[in-house]
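An overview of the molecular structure
Residues per chain, in single letters:
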Amino acid sequence: MNLDAVPILDQHCHSLLRAGGPFTPADYARFFTESGDRTMHERHVPETVFFRWAIKELARRFDCDPTAEAVVLARERTSADALLRDANIAALLVDYGYQTDDTWPHAELAERLPCRVLPLLRLETLAQQLILRYDTFDAMLDAFVAGIEAARAAGYVGLKSIVAYRTGLAVRSTTRAEAAGTFAPIKKQARRDGRIRLAVKPLNDYLLLRALEIAEREALPVQFHTGFGDSDVDLLGANPLHLRPLLENDAYRHVAFVLLHASYPYVRELGYLAAIHPNVYADIGLAVPHLAADIPAVLRQLLGLTPASKIVYSSDASQIAELYWLAARWGRWGLGIVLDELVALGALNSDEALAAARQILGGNAARVYGVPWP
Ligand SMILES: [Zn+2]
């Protein structure tokens, strides 16, 4: 089935580069991998199905030769605005935690794009800023709590945690005293370097649990990075099954846990969690578009067990508009393939298949985050 007319709510992505190019083919290849290694960009990324297929798709869109050399030149003539319109993307939920001076801050991104742009608050980034700013644990914690309590009023539609990247998803209940005991050496390091990367398990865990308490009171959904990502992640600790104690804790019963990246390669583990716990949602971002030709397989595995009402679309795209465009195109394509199979089987009728597509591509996320949706 063709799903081009179904609008997309991309529920997890990042900001765009202010100046997107011109790029050399090797510079361009770095957007098509989670590897930060230059040898990978130059020699091996061009050998991926993702890159080869992307170049062909983009060459058709840009009307140029299907080579990386031609695409990097032709892309200069097409705006991000045009690609997002083309992809029928109605809203983006953006995590600016990835922010550098090279990418647009929220107000400017929202002004430049043709769709709704709503921000997410990244917890670890907030904590890092506050550790730099405050001299005592108590002052830092008060500001952290206040920042999350004020999140809704400040326009944030949800929280995001990258604890999987930092100290793993096996979050332990931690006392305030235990967390406070880690503060002095971190603060010392922050003073010395002028920046920190927060990865001290008692503190990461304590702050996350405080944030979840507030999310419960404020009805804020929380996105968790799970499964694959850049080389920063210890994939073993990013298995979403580690989250079970949090998912079963009554204190967070009303928090929507949105588990990102299809938890790839733990896709079936994710599908299971979303099928068992009423407050767990399975996101397909990063797997779409990186899995390319294998995207239908990911969706087939999720739909094997998970209700259509629990699967949410995203791209995890960042920096260049082509990634949002490709993810939308391949996400619709992969979903269409799997839904067609289910209709051919007689498991779904075509109205049910279309309704499932509408839910997955936008309706579910709109409900979870309270975004108005047609
Ligand atoms: Zn992301």
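A few points on the structure. Everything numeric in this text was worked out from a predicted model, so none of it was measured.

Topic: the packing of helix α16 (residues 295-305) against helix α17 (residues 321-345)
Running from amino to carboxyl end, α16 crosses α17 at an angle of 55°, the nearest separation of the two axes being 8 Å. Classified by the angle their axes make, α16 and α17 are oblique. For the crossing formed where α16 meets α17, the hand is right-handed. Contact residues: Ile295, Pro296, Leu299, Arg300 and Leu303 in α16; Trp330, Gly334, Leu335, Ile337 and Val338 in α17. Across the contact of α16 with α17, the residue classes tally to 8 nonpolar, 1 polar and 1 charged.

Considering the sheet that holds strand β6 (residues 257-259)
Two pairing modes exist for strands in a sheet, parallel and antiparallel, and in both the strands are linked by backbone hydrogen bonds. On the basis of which strands lie adjacent, the open sheet formed by 8 strands has the order β1-β2-β3-β4-β5-β6-β7-β9 and parallel pairing. Looking along the sheet, the strands with just one partner apiece sit at the ends: β1 (8-13) and β9 (311-312). Note: β6 against strand β7 (residues 280-283), 3 bridges, orientation parallel. Bridge assignment links leucine 259 to a residue of β7, and that residue is alanine 282. Strands β6 and β7 of the sheet are contacted by helix α14 (residues 267-276), whose axis makes an angle of about 145° with β7.

Thresholds applied
- Residues numbered from 1 in each chain as written.
- Predicted model: local features only at pLDDT ≥ 70, side-chain atom pairs only at ≥ 80, totals over all residues.
- Axes fitted to C-alpha atoms, helices over the stretch in contact; angles between N-to-C directions.
- Helix = DSSP H or I, 4+ residues; strand = E, 2+ residues; numbered from the N terminus.
- Parallel < 35°, antiparallel > 145°, perpendicular 65-115°, else oblique.
- Left-handed = near helix turned anticlockwise from the far one by under 90°.
- Contact = placed C-beta atoms within 7 Å.
- Nonpolar A, V, L, I, M, F, W, Y, C, P; charged D, E, K, R; others polar.
- Pairing = 2+ DSSP bridges.

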